[in-house]
Amino acid sequence: MAARDPFGPGLLRSRFFWNLLASYAALLLVTGVLVGWQVQSRLEASLLRDLQETLRRDCEMLAPLASEALRGDVPASLAGELQRLSRATGMRTTFVAADGRVALDSSEDARAMDDHSSRPEIVQARAETFGGARRRSHTVGLDMLYVARRLDEGYSEGDSEGSEGKRVLGFVRVALPVSQIEGQLASARRSVVLGTGAGVLLALVLGLVLSQHFVRPIAAMKRTAQDLLAGRYDSRVRVTRRDELGLLGETLNALGAETTRRIAALSQEDAQLRAVLAGMIEGVVAVDEADRVAFMNEAARELLQVAEPAPEGLTLWKLAPVRELEGLLGRARTSAAPERSEVELFRGGKERVFQAHASPFQGGGKAGFVLVLHDITELRRLERVRRDFVANVSHELKTPLTSIQGFVETLLSGALEDKQNNVRFLKTIEANVKRLTSLVTDLLSLARIESGALEVESAVVDWRDVLEQVLRLREPALLAKELRLEVRGRERPLRVRGDREAMTQVLDNLLDNAVQYTPGRGRVVVSLASRDGRGSIAVEDTGIGIPSADLDRIFERFYRVDKARSRAAGGTGLGLSIVKNLVLRMQGEVTVSSVEGQGSTFTVLLPLG
Ligand code: ADP
């Protein structure tokens with residue numbers, strides 16, 4: 001296409017080029033016509049003037065002959081002579097007497113001709129010596145140019161002025177048909193038209209070539225502007241001139257550069273914003289004024305269960321039909337202010353609670369809303385745990401306190417003297433005080449572990465040493481219940497990374513539970529082993545076991561399968577909670593497996609030392 005375009009790519013298709021060319025051609029045409037007309041009319045006038053001058057001279061030449069002829073002394077052959085001359089030159093000669101009678105005419109019979117005194121050239125000549133006219137001849141019926149000269153009485157050659165006082169003898173008149181100069185005029189007109197036409201054509205060609213000089217840079221700028229519009233921001237104009245067009249090109253280039261810079265900055269900001277929003281745990285959804293989803297981050301897509309990529313142009317209700325969210329947005333729209341509400345959603349078979357915020361925003365001339373969904377399930381759970389904990393603590397403390405208060409009142413109201421019972425009562429009080437003490441001790445140690453106040457060392461400790469120490473302490477209880485103790489893996493040291501005191505407390509708690517929840521003549525097995533880079537100690541018993549429904553919760557504070565039984569055994573319900581917290585602080589793990597009625601196994605894993 002470009003190869004067939006002699007003026008550069010697309011130039012012939014440029015509207016501007018054609019407009020420029022059309023205006024230029026119109027201007028040239030008007031100028032050409034005006035100049036041609038002017039030249040033509042001047043040429044015509046000059047030709048006529050020359051002719052008139054010739055005729056005048058002819059008059060002058062014929063004047064002596066005419067004077068003689070009008071006086072009457074003309075040779076008879078004069079008429080014939082004049083006719084011959086007239087035929088040869090095409091010039092008509094007429095001698096007119098003072099009274100207007102035609103004395104002689106080279107073309108016609110003078111006697112048949114009418115009075116010529118009123119002919120304009122004669123009238124003018126009578127007054128001014130010479131008279132001229134261009135008109136149609138009555139006599140010969142042609143368009144003629146006439147020149148007449150007045151002849152005065154006593155005329156002598158060269159006497160053309162000073163007619164005052166002299167009597168008019170007559171007139172000599174010469175005439176030529178205008179058609180004679182018409183040919184000359186036509187050829188002059190042809191030359192003018194040709195000359196002007198050639199000039200106009202030449203100017204047009206020149207204009208065509210010169211117009212490229214203006215059209216090319218404009219076409220280039222148009223292409224660059226279209227490129228910028230289409231997003232090709234690296235497109236630039238080649239600036240080769242210093243005039244306004246060059247300046248325009250430079251401005252366009254600057255515009256391109258600035259747009260590139262701004263787009264880059266905006267894209268970077270956009271990318272950063274998107275990265276931030278994508279990295280947020282909160283779900284963020286932006287909807288426009290018609291509730292159509294304009295943006296949705298990863299978290300929102302996940303919790304509202306919207307496919308990726310989200311179909312465009314759909315309302316939030318089509319994508320994620322959640323009644324509470326619809327209501328929340330409706331309220332925010334009515335109040336035109338931020339609104340919040342709690343939304344419950346079932347996800348992965350579990351109920352999750354979200355705090356949803358809807359805030360109006362103005363962006364790009366559009367008004368919409370931003371929905372932020374914050375998962376507060378864990379927060380709510382912790383609040384419940386705290387509430388339960390306070391209730392549990394109060395309850396746990398209240399029972400022994402009520403008991404102590406009851407027995408103290410009984411003793412004070414006379415039972416002190418009751419020799420048979422007073423010691424029993426005091427023993428009960430003592431048991432309750434012990435219970436309170438162990439409760440408060442457990443609570444305190446739990447609080448210290450959870451708050452981080454308890455320093456947990458990370459030393460290399462051999463589980464065997466800890467086991468020896470704990471067994472020495474728990475041996476009497478094992479013996480008392482006639483429980484068989486078996487220790488496996490004590491031949492080799494099992495060094496792990498941990499805090500000796502914490503490890504002692506963990507193992508003591510687990511052994512204590514094994515003794516508590518295993519009926520007499522049962523068996524307790526403690527196994528030491530190392531696997532997968534960790535050292536494990538398992539405490540297995542053949543006790544009552546734990547129902548599978550409770551397995552998940554036995555590490556919670558105050559959680560007990562059988563409250564009465566635990567309490568009777570002096571349990572606080574805090575032992576396993578302390579175990580779990582201590583193990584976690586030592587970067588370890590504690591697991592449980594149990595079959596109700598058959599026994600339980602608690603396993604503690606710590607990193608090998
Ligand atoms: P407690 O002071 O009541 O023993 P723990 O936190 O140590 O409190 O244990 C919580 C509950 O877990 C106990 O009340 C008991 O129901 C159950 N449990 C713990 N260890 C065992 C075990 N070895 N066998 C059976 N049940 C156990």
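The subject of this paragraph is the overall build of the protein chain. Of regular secondary structure, the protein chain possesses 15 helices and 17 strands. Against the 2.2 N^0.38 benchmark of 25 Å for 609 residues, the protein chain shows a C-alpha radius of gyration of 65 Å, more extended than a compact globule. Projected onto its principal axes, the C-alpha positions of the protein chain cover 205 × 60 × 35 Å. Each of the 609 residues in the protein chain was classed as buried or not, and the buried ones make up 39%. Long-range pairs, those at least 24 residues apart, make up 59% of the contacts in the protein chain between residues at least 6 apart in sequence. For the protein chain, the exposed area adds up to about 35100 Å²; of that, 56% sits on carbon and sulfur atoms.

This part covers the packing of aromatic side chains. Working definition: an aromatic ring pair is given by the centre-to-centre distance plus the angle between the planes. Throughout the structure, instances matching the rule amount to four aromatic pairs. Sitting over the ring of phenylalanine 130, arginine 56 keeps its end group 4.2 Å from the ring centre. One Lys or Arg, arginine 557, reaches over the ring of phenylalanine 389 and ends 4.3 Å from the middle of that ring.

Our focus in this paragraph is the site of the ligand. Close to the ligand lie 19 residues; Asn513, Asp541, Ser566, Thr572 and Leu576 are nearest. One of the side-chain nitrogen or oxygen atoms of aspartate 541 is found 2.9 Å away from a nitrogen atom of the ligand. Within the contact set of the ligand, an oxygen atom lies 2.8 Å away from a backbone nitrogen or oxygen of leucine 576. About the coverage of the ligand: the protein hides 96% of its 520 Å² of free accessible area. Residue assignment for the shell around the ligand shows that the elements contributing at least two residues are helix 15 (575-585) and strand 17 (599-607). Residues that form the shell around the ligand fall into these classes: nine nonpolar, eight polar and two charged.

With that settled, consider the sheet that holds strand 1 (residues 92-97). Within the open sheet, the five strands sit side by side as 2-1-5-4-3. Their pairing is antiparallel. Of all strands in the sheet, those with a lone pairing partner are strand 2 (102-105) and strand 3 (130-136), marking the two edges. Here the average twist between neighbouring strands, direction ignored, is 20°. Across three bridges, the pairing between strand 1 and strand 2 is antiparallel. Paired with valine 96 across the strands is valine 102, a residue of strand 2. Here helix 1 (residues 15-71) sits on the sheet in contact with strand 1, strand 2, strand 3, strand 4 (143-152) and strand 5 (168-177), set at roughly 40° to strand 4. Its contacts with the sheet put helix 2 (residues 78-89) on strand 1, strand 2 and strand 5, and the angle it makes with strand 1 is roughly 140°.

This next bit is on the confidence of the model for the protein chain. Low pLDDT means the predicted atomic positions in that stretch should not be read closely. Per-residue confidence for the protein chain gives a mean pLDDT of 87, with 95% of residues at or over 70. Between residues 1-5, whose pLDDT stays under 50, and residues either more than four places distant or in other chains, the model counts five contacts.

Each value, and the rule that gives it
Residues numbered from 1 in each chain as written. Predicted model: local features only at pLDDT ≥ 70, side-chain atom pairs only at ≥ 80, totals over all residues. Heavy atoms only, no water. Helix = DSSP H or I, 4+ residues; strand = E, 2+ residues; numbered from the N terminus. Rg over C-alpha atoms; globule rule 2.2 N^0.38 Å. Buried < 20%, exposed > 50% of the residue type's maximum accessible area, 1.4 Å probe, protein only. Contact = heavy atoms within 4.5 Å. Areas by Shrake-Rupley, 256 points an atom, 1.4 Å probe, with all protein chains shown as cover. Phe/Tyr/Trp six-rings, centres within 6.5 Å; stacked < 30°, edge-to-face > 60°. Lys NZ or Arg CZ within 6 Å of the ring centre and 35° of its normal. Near = heavy atom within 4 Å. Polar contact = N/O pair within 3.5 Å; in protein donor to acceptor, adjacent residues only side chain to side chain. Nonpolar A, V, L, I, M, F, W, Y, C, P; charged D, E, K, R; others polar. Pairing = 2+ DSSP bridges. Axes fitted to C-alpha atoms, helices over the stretch in contact; angles between N-to-C directions. pLDDT = per-residue confidence, 0-100.

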